[in-house]
Amino acid sequence: MTKKESILVTGGAGYIGSHTVLELAQQGYNPIVVDNLSNSSLESIRRIEELTDATIPFYELDVVHPESLHPIFYEQPIEGVIHFAAFKAVGESVEKPLAYYQNNLEGLFSLLQVMDQHDVSQFVFSSSCTVYGDAEVVPIPETAPVSAVNPYGQTKLMSEIILRDVAQSRSGWSITNLRYFNPVGAHPSGRIGEDPSGIPNNLMPYITQVAVGTRPFLRVFGDTYPTHDGTGVRDYIHVVDLAKGHVAALEYQKAKPGVHTFNLGTGKGSSVLDVVKAFERATGKSIPYEIVEARPGDVAEAYADTSKASTILHWSAEFGLDEMCRDAWNWQSKNPHGYEDARSV
Ligand code: NAD
Ligand code: WQD
């Protein structure tokens, strides 16, 4: 396979970043990873190298410091950047707003400055469905009104505004905001996956930890939402499909300067109990649960209108909920303590 471009992937050791680095390498790109390992392990990169037989250049550094990024742009023939590096926990962002604004916004500034100086103009940004707040209409199109109800969401909205202005500042920039819905699952090899530190905030890693015996039962946050079974409905998307969406965005934007925004989801809404049932079906494991109070700030229902990504990027999700559950469990059962298991052998 002929080598395509060199792509700098910030946060490439993390959950979505590692799956995207693997996908890039498999599609002939030359991914270069920058990560400060604040929420990840170098083991993910080692395993990507093992799966692909590629050598992935890795730089352990903080993207908020432009002076650390400059040498990489001299050393590597970087033609584009995919920017995952950010803090992502909604609850923590309410407790530590300054840390979130600083990390998520300064990281963006610093990267854009260095890219500008080195004349690199292809940029793909990890945005989030959180920018839709409590949307009035589902499925949610990209044209829906945006709002933020917590500092994390605010950093994504502000980043999109900054990127719009940067794209307008000179004609060469090609920038894509990818608004992910709920990424779950893991690479089917079971070698890389989601490795949350502490008690998971998100549904799927919580379920897999119940299945593996780390947690006794799932707490279902509310069963009186106006949904088909009263529990919250979301658009879960397999992380491998999400990774492919990034490659599709890179390929599309190359010939299309300006700023673009796409939802990446499946377009299908699943309730918490739908996920529990799908998990039990796909894995044969039983998931005990209790209904508890709704979680403050949660919306009843959010799922994507995916028609724009399908028409323009020619990308749509291929995996369904059963495969998401199967692969999440495959990863968790093979790595009960995530990458920690590799460190202790
Ligand atoms: P993650 O925490 O697994 O990955 C983020 C990576 O960035 C980690 O490896 C972390 O060590 C690194 N990082 C953080 N700050 C850094 C800094 N200043 N310098 C260098 N590295 C830094 O998270 P993820 O789930 O893979 O999310 C990736 C991106 O996608 C984030 O921007 C997140 O906000 C966004 N996103 C995630 C979700 C989700 O549910 N996982 C949904 C929508 C959007
Ligand atoms: C899903 C559903 C919960 C845990 C978050 C961020 C969002 C985006 C994606 C980054 C909801 C219910 C959950 C549990 C439960 N991330 N639940 N018991 O809240 O849709 O989105 O991740 O951009 O910004 O807010 O995802 O996985 O936390 O919750 O009942 O222990 O599962 O109430 O209905 P959410 P989630």
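All of these numbers come straight from a predicted model, not from anything done at the bench. (Residues numbered from 1 in each chain as written. Chains lettered and ligands numbered in written order. Predicted model: local features only at pLDDT ≥ 70, side-chain atom pairs only at ≥ 80, totals over all residues. Heavy atoms only, no water.)

This part is about the site of ligand 1. What surrounds ligand 1 is a group of 26 residues, the closest being D35, N39, S40, N103 and Y152. Residue K88 places a side-chain N or O atom 2.8 Å away from an oxygen atom belonging to ligand 1. Where the shell around ligand 1 is concerned, the elements lending two or more residues are helix 1 (15-26), strand 5 (122-128) and helix 6 (151-169). The leading source of residues in the shell around ligand 1 is strand 5, at three residues. For the shell around ligand 1, the residue count by class is twelve nonpolar, ten polar and four charged. (Near = heavy atom within 4 Å. Polar contact = N/O pair within 3.5 Å; in protein donor to acceptor, adjacent residues only side chain to side chain. Helix = DSSP H or I, 4+ residues; strand = E, 2+ residues; numbered from the N terminus. Nonpolar A, V, L, I, M, F, W, Y, C, P; charged D, E, K, R; others polar.)

Turning next to the site of ligand 2. S128, Y152, R219, R234 and D298 are the nearest of the 18 residues found near ligand 2. Here an oxygen atom of ligand 2 sits 2.5 Å away from a polar atom, N or O, in the side chain of R234. At 2.8 Å from an oxygen atom of ligand 2 is found a side-chain nitrogen or oxygen belonging to R295. Contact with the protein chains covers 88% of the free accessible surface of ligand 2, which is 690 Å². With four residues, the single largest contributor to the shell around ligand 2 is strand 8 (residues 218-221). Here the residues of the shell around ligand 2 sort into eight nonpolar, six polar and four charged. (Areas by Shrake-Rupley, 256 points an atom, 1.4 Å probe, with all protein chains shown as cover.)

Locating D35 in the fold gives a position in strand 2 (residues 30-35). In this structure D35 is buried but unpaired, with K88 as the nearest side chain of opposite charge at 11 Å. A polar side-chain atom of D35 sits 3.3 Å from a polar atom in the side chain of S40. (Buried < 20%, exposed > 50% of the residue type's maximum accessible area, 1.4 Å probe, protein only. Lys, Arg positive; Asp, Glu negative; His and termini not counted. Salt bridge = Lys/Arg side-chain N within 4 Å of Asp/Glu carboxyl O.)

Turning next to the packing of aromatic side chains. Going through the model one piece at a time under the given rule, you end up with five aromatic pairs. On the numbers, 6.1 Å between centres and 80° between planes, the contact of F279 with W329 is edge-to-face. A residue pair is termed long-range when its members are at least 10 positions apart, and F279 in helix 9 (residues 272-283) and W329 in helix 11 (residues 321-334) qualify at 50 residues. When its relative accessible area of 0% is taken as the criterion, F279 is described as buried. (Phe/Tyr/Trp six-rings, centres within 6.5 Å; stacked < 30°, edge-to-face > 60°.)

Turning next to the sheet that holds strand 5. As summarised here, the arrangement of the seven strands in space is 3-2-1-4-5-6-11, forming an open sheet in which the pairing is parallel. Only two strands of the sheet have a single partner each, and these edge strands are strand 3 (58-60) and strand 11 (258-264). Shown here is a sheet whose adjacent strand axes are inclined to one another by a mean of 20°, direction ignored. In this sheet, strand 4 (residues 78-83) lies alongside strand 1 (residues 6-10) in parallel orientation, the contact comprising five bridges. Along strand 4, the bridge assignment pairs T10 with H83. This element, helix 5 (residues 97-117), spans strand 1, strand 4 and strand 5 of the sheet and lies at about 170° to strand 5. (Pairing = 2+ DSSP bridges. Axes fitted to C-alpha atoms, helices over the stretch in contact; angles between N-to-C directions. Contact = heavy atoms within 4.5 Å.)

Turning next to the side chain of R47. By secondary structure assignment, the location of R47 is in helix 2 (residues 43-52). Reaching out from R47, the side chain makes a polar contact with the side chain of E43 at a distance of 2.8 Å.

On to the sheet that holds strand 14 (residues 301-302), then. Pairing is mixed in the open sheet, where three strands are placed in the order 12-9-14. Of all the strands in the sheet, the pair left with one neighbour each is strand 12 (270-271) and strand 14. Of the strand pairs in this sheet, strand 9 (residues 233-234) and strand 14 are connected by two bridges, and their pairing is parallel. Residue pairing in the sheet places R234 in a bridge with A302 of strand 14.

Right, let's talk about the packing of helix 9 against helix 11 for a bit. The interhelical angle for the contact between helix 9 and helix 11, taken along N-to-C directions, is 65°, at an axis separation of 8 Å. Between helix 9 and helix 11 lies a crossing of right-handed hand. For the pair helix 9 and helix 11, the contacting residues are D274, V275, A278, F279, R281, A282 and T283 in the first and L321, D322, C325, R326 and W329 in the second. Of the residues contributing to the contact of helix 9 with helix 11, the split by class is seven nonpolar, one polar and four charged. (Left-handed = near helix turned anticlockwise from the far one by under 90°.)

With 21 residues, helix 5 should cover 30 Å at 1.5 Å per step; its first-to-last C-alpha distance of 30 Å lies within 8% of that length. Turning to helix 5, the residues buried within the fold contact strand 1, helix 3 (66-75), strand 4, helix 4 (90-95), strand 5 and helix 6. Downstream of helix 5 by a residue or two, D119 has a phi angle that is positive, lying close to 60°. (Expected span 1.5 Å × (residues − 1).)

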